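One letter stands for each residue in the lines below.
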Amino acid sequence: MDDTGALVAGESVPDNETAPAVKAAPRDEGAGATKGGGIAIRRWNPPRWSVWVAVAVVVVANLIVAWDSTGLIYQADEAGMIFNAALFARPEGPVVLLGSSYMPGLAILIAPLWLFTDEAATVYRMAIFLNAAIGVATIWPMSRVARKFGAGRNASVLMAAVIAVSPAMLIQSNYLLAENLLHFVVMLTAWAAIVQLRNPSFRQAALLGASAGAMFLVHGRALPLLFVVAVGFAVMLFKRPVDALGGGGLLASISVASYLLLLWIEEQNYMKAERAAGQIDQLLAGSLGDYVTAIVSQTWVESLTWLGLAGIGLLVLVVRARRGAHRFESRWLLAAVVAAIVFVVMTLAGGTWGETAGISRLDAFAYGRYIEVITPVLAVVGAAALAARLSRAIAWSVVGVAAVSGALFLLLVVPLMPLGGRWEGSHAPAVSAFLSDALVGTDQRDPWWAIVLFGVIATVAVVVASRRSPWSIPALGAVFLAWSLYGDQAVLKDHEFWARQIPPSLVALEGVPESEPLAVDLSQEQIGRGFNQIEFWVYPRELAAFSSERGDTPRSDLALTGVQVSLPAEQGAWPLNGSLVGETVIWVYPGELRDALDAEGRVAHPNDE
């Protein structure tokens, strides 16, 4: 193979072997390298202690990120995780939620936590650390994939640890979203597929089918990957029908069961959920300009996020897919990558750029979370290639992509961004570290040119250093770690602090019997947007919806409304002391509850006229 192929990550190392030591090559190739056929092949076997240190760093980093996550940021997604889990675990029955439903994979794992408490906020804290543990556990399937691309046992774990502390992965331990579990099952599916293609067996096909089905159980975003695996099983029917039927049957049964479970959850927990139908419509709604914007933004964001690592992995797969002993697995992985990219581009192109619920947003233009269902797999392949020493062709191709995509991003995408727009950390985890909360709501832009320049310079540093020594990989890990922790501790924690706190109005409910439902005025926009958050903080107190605009009388002695709503006062209700904070207030209607609270001095009497 010529030099354009780079290492193609070398040949794989059996899982039960350590990469053999290779006699040192000439001094210009770096330690442990040999040269042949125009390809520099370098076996890297870092010491065992470095592996333990790397894993310990990942554990500590995930704990740091998860530590201050005390309440919801994403009311639809995170509340869905908590209360879908409650639906599985508690006999009290369903709750009422607004917004889109969510696939139940993570909720199934969270469900046992409800056996220890009846407070949603406490379950959330425990679930956040469970989610962080899943982030650490992803090292295992990542290291297995790295071994299949030529890395030795110690090196593969070290590479996986480096990727685990990247902003794309580590920042997700800040939230109770499906991302960590999705990364785990996608990586497991990639490894299972490689093994099945190399050493087919019924057991391995069953693992592949089960892990692929689990992807859909965790998140609907895995549908294109599911489709690629299903096609693979269909092709397998001609050569290994038993394997194909067994694995394909598991895939189909888990997928169907997952969807039926989703429909049941929607019926039980949600007032109205149209997530699937809404996404199908969105996929077909983009214009040509929207597609160009999505392609440019995704290319640049992932170039920045991985500093070329995912791009290297993609080029390695392209080269391996052309010829060689492992071309079929590379073609399968490429098909999965292409399917995921097309799905994400269609999703983003069909969205409303820069606006959600009337709020101007920046993260829509630098959205990384969706495509990062697959780019960690490419990053694993890229890390294996770095250890084996890149060719000049691949190295400078990746630098070129960083420069060109950055220039196009500045030229085509940045002018579309709303001035002073809001941004959400989990959606653009690598970019968020560079954004200033002080500019939200102003007429100033963040320094996007400087962010682009950083990405290009850092990518050049990565490819140059990797050609000198494989120890550039842990050095890259140090950069990722500092980037992630700075973004989380210095930027996101300040940006999200108030959103994670219990709304001040609800603090006044402390000591009020939980058996008394709280009526919530959904005709008030600020309350409707926060309905799931209210459910989260008052649970297990029951919520009841009403509309002050229609003149409804709440079906409860407690009612939460906007401060400008006069209907409760006209109906004889008095404000609960301490609840008139910001835009909302809690009213107490005449009855035994108000008499008891009045005796305690906890309600405000109307002024004498």
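S.K.: Honestly, the overall build of the protein in this entry has me stumped. Any pointers?
M.R.: Each helix and strand counted, the protein has 25 helices and 9 strands in total. Counting every position in the protein, which comprises 609 residues, the buried fraction comes to 56%. Contacts in the protein between residues far apart in sequence, at least 24 positions, make up 77% of those at least 6 positions apart. As presented, the protein carries roughly 24400 Å² of accessible surface, and 63% of it is formed by carbon and sulfur atoms.

S.K.: I tried to follow the nonpolar core on my own but got confused; where do I start?
M.R.: Soluble globular proteins: nonpolar side chains tend toward being buried together. Of all hydrophobic cores here, the largest spans 175 residues; its most connected members are F83, M159, W448 and L518. Among the elements that take part in this core, helix α8 (residues 179-198) stands out by supplying 12 residues, more than any other.

S.K.: Please clarify how the sheet that holds strand β7 (residues 558-562) should be interpreted in this entry.
M.R.: In any sheet, the strands associate via hydrogen bonds between backbone groups, in a parallel or an antiparallel arrangement. The 5 strands are arranged β6-β5-β7-β9-β8 in an open sheet whose pairing can be described as mixed. Two strands bound the open sheet, and with one partner strand each, they are β6 (543-546) and β8 (574-575). Pairing between strand β5 (residues 518-521) and β6: 4 bridges, direction parallel. Residue pairing in the sheet places D521 in a bridge with F546 of β6.

S.K.: Is there a simple way to explain the packing of aromatic side chains in this structure?
M.R.: Both the distance between ring centres and the angle between the ring planes are used here to describe each pair of aromatic rings. Across all of its chains, the model carries 20 aromatic pairs by this definition. Ring geometry for F536 versus W537: centroids 4.9 Å apart, planes at 80°, classification edge-to-face. Across the pair, W537 and F536 agree in class, each one buried. A network of ring pairs unites the aromatic residues W306, F434, F454, F480 and W483 as a single cluster. Sitting over the face of the ring of W574, R594 holds its NZ or CZ atom 3.8 Å from the ring centroid.

S.K.: What am I meant to see in a nonpolar patch on the surface here?
M.R.: Where nonpolar side chains cluster on the molecular surface, the patch consists of L288, V292, V404, L408, L411 and L412 and spans about 550 Å² of accessible area. Looking at the nonpolar patch, the elements with two or more residues in it are α13 (288-306) and α17 (392-413). A total of 4 residues in the nonpolar patch trace back to one element, the largest contributor, which is α17. The residue V404 is located in helix α17 in this model. Assessed through its relative accessible area of 51%, V404 is described here as exposed.

S.K.: Please clarify how helix α1 (residues 48-67) should be interpreted in this entry.
M.R.: Note: α-helices contain 3.6 residues per turn, so residues at a spacing of three or four share the same orientation. Compared with an ideal rise of 1.5 Å per residue, which puts 20 residues at 28 Å, α1 spans 29 Å between its outermost C-alpha atoms and is within 8% of the ideal. Here α1 has its buried residues at S50, V51, A54, V58, A61, N62, V65 and A66. Axial view of α1: buried residues confined to an arc of 135°, hence all on one face. Residues of α1 that are exposed and point over 90 degrees away from its buried face: W49, W52 and W67. Buried-residue contacts for α1 involve α4 (120-137), α5 (139-148), α6 (153-164), α7 (167-170) and α20 (472-496).

S.K.: Could you clarify how one ought to interpret the pattern of salt bridges in this entry?
M.R.: Where charged atoms of side chains with opposite charge meet at close range, the side chains can pair. Evaluation of the coordinates by the stated rule reveals 9 salt bridges. Between R422 and E424 there is a salt bridge, with the nearest N and O atoms lying 2.7 Å from each other. What makes E424 buried here is its relative accessible area of 12%. The network of salt bridges with shared partners includes E179, R221 and R369.

S.K.: I keep staring at the packing of α4 against α5 and nothing clicks. Help me out?
M.R.: Between two packed helices, what matters for the description is the angle formed by their axes and the separation of those axes. Between α4 and α5, the shortest axis-to-axis distance is 5 Å and the interhelical angle comes to 15°. In terms of their interaxial angle, α4 and α5 are classed as roughly parallel. Taking contact as the criterion, the partners of G135, V136 and A137 in α4 are, on α5, I139, W140 and P141. The residue makeup of the contact of α4 with α5, split by class, is 5 nonpolar, 1 polar and no charged.

S.K.: Just to check I follow, could you spell out the packing of α8 against helix α15 (residues 327-349) for this structure?
M.R.: One way to put it is that α8 packs onto α15 with a least axis distance of 9 Å and a crossing angle of 150°. Comparing the axis directions of α8 and α15 gives the class roughly antiparallel. Crossing of α8 against α15: the hand is right-handed. Across the interface between the two elements, T189, A190, A193, I194, L197 and R198 of α8 pack against F328, E329, W332 and L333 of α15. Class assignment for the residues of the contact of α8 with α15 results in 7 nonpolar, 1 polar and 2 charged.

S.K.: So what exactly am I meant to see when it comes to the side chain of T138 here?
M.R.: By the secondary structure assignment, T138 is in the loop between α4 and α5. There is a polar contact of 2.9 Å between the side chain of T138 and the backbone oxygen of I134. Discounting residues that sit within four places of it in the chain, T138 has contacts with M169, N180, H183 and F184.

S.K.: Looking at this structure, I do not really get α8. What am I missing?
M.R.: The terminal C-alpha atoms of α8, which comprises 20 residues, lie 29 Å apart, in line with the 28 Å expected from a rise of 1.5 Å per residue. Within α8, 18 of the 20 residues are buried, which leaves the element mostly enclosed by the surrounding structure.

Rules and cut-offs
Residues numbered from 1 in each chain as written. Predicted model: local features only at pLDDT ≥ 70, side-chain atom pairs only at ≥ 80, totals over all residues. Heavy atoms only, no water. Helix = DSSP H or I, 4+ residues; strand = E, 2+ residues; numbered from the N terminus. Buried < 20%, exposed > 50% of the residue type's maximum accessible area, 1.4 Å probe, protein only. Contact = heavy atoms within 4.5 Å. Areas by Shrake-Rupley, 256 points an atom, 1.4 Å probe, with all protein chains shown as cover. Core = buried A, V, L, I, M, F, W, Y, C linked by side-chain atoms within 4.5 Å. Pairing = 2+ DSSP bridges. Phe/Tyr/Trp six-rings, centres within 6.5 Å; stacked < 30°, edge-to-face > 60°. Lys NZ or Arg CZ within 6 Å of the ring centre and 35° of its normal. Patch = residues over 30% accessible without salt bridge, like charges linked within 9 Å, V, L, I, M, F, W, Y side chains within 5 Å. Salt bridge = Lys/Arg side-chain N within 4 Å of Asp/Glu carboxyl O. Expected span 1.5 Å × (residues − 1). Arc of directions from axis to C-beta. Axes fitted to C-alpha atoms, helices over the stretch in contact; angles between N-to-C directions. Parallel < 35°, antiparallel > 145°, perpendicular 65-115°, else oblique. Nonpolar A, V, L, I, M, F, W, Y, C, P; charged D, E, K, R; others polar. Left-handed = near helix turned anticlockwise from the far one by under 90°. Polar contact = N/O pair within 3.5 Å; in protein donor to acceptor, adjacent residues only side chain to side chain.

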